[in-house]
Amino acid sequence: MEGAVEERLCGKMKIGCGLHRYNLRDVFTWSLLKTILMGQVLSLLICGTAVSCEYLTHAKVETPMLQSFLNYALLLFTYTTHLSTRTGDRNILQILKTNWWRYLGMAIADVEANYAVVKAYQFTTLTSIQLLDCFVIPVLMLLSWFFLKTRYRVIHFVAVAVCLLGVGAMVGADILAGRDQGSTSDVLLGDGLVLLSAVLYAISNMCQEHTVKNLSRVEFLGMMGLFGTLISGVQLVVLETRAVGEIKWDVHISMLFVVYTLCMYALYSFMPVVMKMTSATAVNLSLLTADLFSLFCGLFLFMYKFSALYIVSFVVITVGFIMFNAVPTYSALPEEPAEASDDPEAQSSSDQLLLSADNDTQRTETLTANDTP
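Draft legend 1. Structural detail: the pattern of salt bridges. Under the definition given, this model contains two salt bridges. Its salt-bridge partner being E219, residue R86 comes within 3.6 Å of it at the nearest N-O pair. Placement of the pair is R86 in the loop between α4 (64-84) and α5 (92-120) and E219 in helix α10 (residues 217-239), with a sequence separation of 133 residues. Between E209 and K213 there is a salt bridge, with the nearest N and O atoms lying 3.1 Å from each other. With a gap of four residues between them, E209 and K213 both fall in helix α9 (residues 187-214), about one helical turn apart.

Draft legend 2. Spatial organisation of the confidence of the model for the protein chain. Across the protein chain, the average pLDDT comes to 80, with 78% of residues at or above 70. When mean pLDDT is compared element by element in the protein chain, α10 scores highest at 95, while helix α16 (residues 346-371) scores lowest at 44. Overall, residues 9-16 carries pLDDT values under 50, and its contacts beyond four positions in sequence, including any with other chains, amount to 10 contacts. Low confidence marks residues 335-373, where pLDDT is under 50. Its contacts with residues over four positions away, or in another chain, come to 52 contacts.

Draft legend 3. Summary view of the packing of aromatic side chains. Per the counting criterion, the structure on display carries six aromatic pairs. When the ring of Y72 is compared with that of Y268, the centres are 6.0 Å apart and the planes differ by 80°; the resulting orientation is edge-to-face. With a gap of 196 residues between them, Y72 in helix α4 and Y268 in helix α12 (residues 251-277) connect regions that are remote in the sequence. An identical accessibility class is assigned to Y72 and Y268; each is buried. Between F293 and F314, the ring centres sit 5.9 Å apart and the planes meet at 70°, which makes this aromatic pair edge-to-face. Pair noted here: F293 is in helix α14 (residues 290-301) and F314 is in helix α15 (residues 308-326), with a separation of 21 residues, a long-range link. Members of the aromatic cluster, joined through ring pairs, are Y152, F157 and F324.

Draft legend 4. Representation of the packing of α4 against α12 within the structure. Contact geometry for α4 and α12: axes closest at 9 Å, N-to-C directions at 55°. By the criterion of interaxial angle, the relationship of α4 to α12 is oblique. Crossing of α4 over α12 shows right-handed handedness. Side by side, α4 and α12 meet where L66, Q67, L70, N71, Y72, L74, L75, T78 and Y79 of the first sit next to F257, Y260, T261, L262, M264, Y265, Y268 and S269 of the second. A breakdown of the residues in the contact of α4 with α12 according to their chemical character gives 12 nonpolar, five polar and no charged.

Draft legend 5. Region of the structure containing the environment of A243. One can find A243 in helix α11 (residues 241-245). Relative accessible area serves as the criterion here: at 27%, A243 is assigned to the partly exposed category. With sequence-adjacent residues up to four places away left out, A243 is seen in contact with E62 and T63.

Draft legend 6. Broad picture of the side chain of D191. The residue D191 is located in helix α9 in this model. Here D191 occupies a buried position and makes no salt bridge, while the nearest side chain of opposite charge, K119, is found at 15 Å. Discounting residues that sit within four places of it in the chain, D191 has contacts with T124, S128 and L132.

Draft legend 7. Summary view of the side chain of S269. Inspection of the secondary structure assignment puts S269 in helix α12. Given a relative accessible area of 8%, S269 falls into the buried group. With near-sequence residues (within four places) excluded, S269 lies in contact with L75, Y79, R217 and L221.

Draft legend 8. Spotlight on the packing of α4 against α10. Direction vectors running N to C along α4 and α10 enclose 140°, while the axes themselves pass 7 Å from each other. Considering the relative orientation of α4 and α10, their crossing is left-handed. When the residues that make up the contact of α4 with α10 are grouped by side-chain class, the tally is 15 nonpolar, nine polar and two charged.

Draft legend 9. Quick look at the environment of W100. Tracing the chain through its elements places W100 in helix α5. Separated by 127 residues in sequence, W100 and F227 have C-alpha atoms that sit 9.1 Å apart. Not counting chain neighbours up to four residues away, the residues in contact with W100 comprise I95 and F227.

Draft legend 10. Structural detail: the nonpolar core. Formed by 86 residues in total, the largest nonpolar core has its most connected members in L285 and L288. It is α5 that provides the largest number of residues to this core, a total of 12 residues. Setting aside chain neighbours within four positions, we find L285 in contact with I137, V160, C163, I317, F321 and F324.

Draft legend 11. Summary view of the environment of R102. As for its position among the elements, R102 is in helix α5. R102 sits 105 residues away from C207 along the chain, and the two C-alpha atoms are 9.0 Å apart.

Rules behind the numbers
Residues numbered from 1 in each chain as written. Predicted model: local features only at pLDDT ≥ 70, side-chain atom pairs only at ≥ 80, totals over all residues. Heavy atoms only, no water. Salt bridge = Lys/Arg side-chain N within 4 Å of Asp/Glu carboxyl O. Helix = DSSP H or I, 4+ residues; strand = E, 2+ residues; numbered from the N terminus. pLDDT = per-residue confidence, 0-100. Contact = heavy atoms within 4.5 Å. Phe/Tyr/Trp six-rings, centres within 6.5 Å; stacked < 30°, edge-to-face > 60°. Buried < 20%, exposed > 50% of the residue type's maximum accessible area, 1.4 Å probe, protein only. Axes fitted to C-alpha atoms, helices over the stretch in contact; angles between N-to-C directions. Parallel < 35°, antiparallel > 145°, perpendicular 65-115°, else oblique. Left-handed = near helix turned anticlockwise from the far one by under 90°. Nonpolar A, V, L, I, M, F, W, Y, C, P; charged D, E, K, R; others polar. Lys, Arg positive; Asp, Glu negative; His and termini not counted. Core = buried A, V, L, I, M, F, W, Y, C linked by side-chain atoms within 4.5 Å.

Given below as structure tokens:
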């Protein structure tokens, strides 16, 4: 009798965690491997932007808004131009007429998030930035819960905790290696800027996930290029005119700007693809390894000190990422039908999500019925 009760409780616990229908073959699939690899590609692209920024800093070039403007301008030149050739209900004029304010808000959140986190380096330390920047994950999960109706299982919260533990190991390695870089001129202000950027990133990523899954990737990037160029251009003129004028342009400086812009452009172009396959939360978990790639590059380029904790951190974050993606999330409410777009996968994305949720529900009901004496 007691054995039956324990078995029934274990079954219900597995259902609550989302593990009731998974074994190793179900977890380690080609789809999961592809997700991991694509997430690490995003981390490598961020690593490219970080290394180029490091070289620009060494060259006494600190123009974060100019760098953002170049990225948004490239998005404008490619995706907005492509969007302007679209005909039908979702042409650029119709989008601007009906949803301009939404994309304006998304662009403001994205531009200011980039600016705030770069500005924070002038006031606080690298350790604080690495730790507080992780605040984007719980904020994003909270926003997704309320606005996207995403529902997480226990295993997802455990996976996030494991990833954050890996970040803690990375920060510990930085301290032991003496890499507590940055400034301490106004730590409170710097930490506040990091938290602000985390909230803005969470808002931007949540809106991005909703757009690419229900409309299209081209529409998101086209509108981001249009409004991002406008906003960053205005801030560039107001804040960095003197700094840009003081740049001593040569081949080395120009190539650094080209590398940064291309890496950022590839990141913005590729991220919606990964986000459509997984979620904004999963993408941000995979990006936690970006600092580690930057550190590994720094071992050879900037002569950083090596610590075994870096390897431990990478392994722990990867394990947490696998745990998060091993069990799919589901939507509490049906999504609205996708509007017509040039993305052939836009219409089927919502149906696949709901089908997964329905299958999980049916399996749960079946197992519960079998557990009943």
